[in-house]
Amino acid sequence: MDRKTRRFEFEGVILDVPLRYDEVFDIYIEDYPDFTETPVWTADGYPVMFCAEDACALAQTEEAGRCVDCGSCIYYRQEPDSLIGVCRNKGKRRIRADSGSSEIIFEKNENKKGAIRL
């Protein structure tokens, strides 16, 4: 039996996120991966993040207050109808040193480019 997934496509990233059935609510929900353990990068080298991930040291709010999570940060751009988005802080950006150009980078397996199945 094929496992149900939901596909997200944004900024050069294709993610197939597994769905799991929630018996309490009688619906399928996304089972997002841990993007800190298995990073995913956009074509421009920015990290994909879960909105409730703890804020990093570079996080900022519009009111110069303390960020609690990625979702409250001015650099985070959440994708419509999802709980994931992209951190657009230049300090978090990765650029391939060997080519000088930005590419999708998979930290655990750099020989794959394009799509990642989680």
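Within each chain, residues carry numbers counting from 1 in the order of the written sequence. With pLDDT at 70 or above as the cut-off, local features in this predicted model cover only qualifying residues; side-chain atom pairs require 80 or more to be listed or tallied, and sums for whole chains, interfaces and linings still use all residues. Water and hydrogen atoms were dropped before computing side-chain values, which therefore reflect all heavy atoms in the structure.

(A) Quick peek at the sheet that holds strand 4 (residues 48–50). Strand order in the open sheet formed by three strands is 4-6-5, with antiparallel pairing between adjacent strands. Two strands bound the open sheet, and with one partner strand each, they are strand 4 and strand 5 (76–78). Strand-to-strand twist of the sheet, defined as the mean angle between neighbouring strand axes without regard to direction, takes the value 40°. Note on pairing: DSSP must find at least two bridges between two strands before they are called paired. Helical segments are the DSSP runs of H or I of at least four residues, strand segments are the runs of E of at least two, and each set is numbered from the N terminus. Between the N-to-C directions of two axes lies an angle of 0 to 180 degrees, each axis being a line fitted to C-alpha atoms and, for a helix, fitted only over the stretch in contact.

(B) Representation of the pairing of strand 6 (residues 84–87) in the model. In this structure, strand 4 lies alongside strand 6, joined through three bridges in antiparallel fashion. Following the sheet pairing, Met49 is matched in strand 6 by Gly85. Across three bridges, strand 5 lies against strand 6 in antiparallel orientation. Its bridge partner being in strand 6, Gln78 is matched across the sheet by Gly85. The hairpin turn running from strand 5 into strand 6, its antiparallel successor, is five residues long, and Asp81 in that turn takes a positive phi close to 55°.

(C) Looking closely at the pattern of salt bridges. We define a salt bridge as a contact between a side-chain nitrogen of Lys or Arg and a carboxyl oxygen of Asp or Glu at a distance within 4 Å. Counted under the stated rule, the structure contains four salt bridges. The residue Asp31 makes a salt bridge to Arg3 at a minimum N-O spacing of 4.0 Å. Of this pair, Asp31 sits in the loop between strand 3 (27–30) and strand 4 while Arg3 is found in the segment before strand 1 (5–10), placing the two residues 28 residues apart along the sequence. For Glu30, the salt bridge is made with Arg6, and the minimal N-O distance between the two is 2.7 Å. With Glu30 in strand 3 and Arg6 in strand 1, the pair connects residues that are 24 residues apart, well separated along the chain.

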